Amino acid sequence: MKKLFGILLSILVLYVIYYDLTVGTLPTSTPKPVDAKVEQSTPAKTDLPSFDAEVKPGDTVISIVEHKINKSLPVSIPDLIEDFQTLNGGKSPQKIQIGSTYHFPDYSK
């Protein structure tokens, strides 16, 4: 009796694995198109030197500025954040979006 139960249990487990791999058990849904809007900000009136850059996947405010000036950041991070927010009307650096163009402070001089 134990052998029969073991064989039936093994067949059931194999069938469940086969069914899960071929058909799947999670419901499928059609992906809804995302309405992505590209945001462009207008620079605030300031005498702070700046440049425009489009955000690419993996970019951060620090990486964009360091890439532009080809050296490490010459100011503190809080100063960079404050300058970025000044140039972009209070926009938080943590909420930059891929594909959007922002104004970044230019510390190359």
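Residues numbered from 1 in each chain as written. Predicted model: local features only at pLDDT ≥ 70, side-chain atom pairs only at ≥ 80, totals over all residues. Heavy atoms only, no water.

Is there a simple way to explain the overall build of the chain in this structure?
Helix and strand counts for the chain stand at three helices and two strands. Secondary structure elements of the chain, listed N to C terminal, follow the sequence α-β-α-α-β. When the 109 residues of the chain are sorted by exposure, 24% land in the buried category. Taking all contacts inside the chain whose residues are at least 6 apart in sequence as the whole, residues at least 24 apart take part in 66%. In the structure as shown, the chain presents an accessible area of about 8,600 Å², 61% of it carried by carbon and sulfur atoms. (Helix = DSSP H or I, 4+ residues; strand = E, 2+ residues; numbered from the N terminus. Buried < 20%, exposed > 50% of the residue type's maximum accessible area, 1.4 Å probe, protein only. Contact = heavy atoms within 4.5 Å. Areas by Shrake-Rupley, 256 points an atom, 1.4 Å probe, with all protein chains shown as cover.)

Honestly, helix α2 (residues 61-69) in this entry has me stumped. Any pointers?
Residue pairs spaced three or four apart in an α-helix point in one direction, given the helix's 3.6 residues per turn. Buried within α2 are the following residues: Val-61, Ile-64, Val-65 and Ile-69. Down the axis of α2, the buried set is contained in an arc of 120°. They therefore lie on one face. Where α2 is buried, its residues meet β1 (50-54), α3 (77-87) and β2 (101-105). Count one or two residues on from α2 and you reach Asn-70, which has phi positive near 60°. (Arc of directions from axis to C-beta.)

What should I look at first to understand the packing of α2 against α3 in this one?
When two helices pack together, their arrangement is given by the angle between the helix axes and by the axis-to-axis distance. Interaxial distance between α2 and α3 falls to 11 Å at its minimum, and their mutual angle equals 95°. Judged by the inter-axis angle, α2 sits roughly perpendicular to α3. Where α2 approaches α3, its residues Val-61, Ile-62 and Val-65 are matched on the opposing element by Ile-77, Leu-80 and Phe-84. Looking at the contact of α2 with α3 residue by residue, the classes come out as six nonpolar, no polar and no charged. (Axes fitted to C-alpha atoms, helices over the stretch in contact; angles between N-to-C directions. Parallel < 35°, antiparallel > 145°, perpendicular 65-115°, else oblique. Nonpolar A, V, L, I, M, F, W, Y, C, P; charged D, E, K, R; others polar.)

Before we go on, may I ask you to explain the side chain of Asp-106 in this structure?
When you line up the elements, Asp-106 lands in the segment after β2. Those residues in contact with Asp-106 that sit more than four places away from it in its chain are Pro-49, Ser-50, Phe-51, Lys-68 and Ile-69.

Explain the environment of Asn-88 to me, please; I cannot follow it from the model alone.
For Asn-88, the location among the structural elements is in the loop between α3 and β2. A relative accessible area of 7% means that Asn-88 is categorised as buried. Residues Asn-88 and Tyr-102 lie 14 residues apart in sequence; the distance between their C-alpha atoms is 6.9 Å. A polar contact of 2.9 Å, which involves the side chain of Asn-88, links it to the backbone oxygen of Phe-84. (Polar contact = N/O pair within 3.5 Å; in protein donor to acceptor, adjacent residues only side chain to side chain.)

Keep in mind these numbers describe shape, not what the thing actually does.
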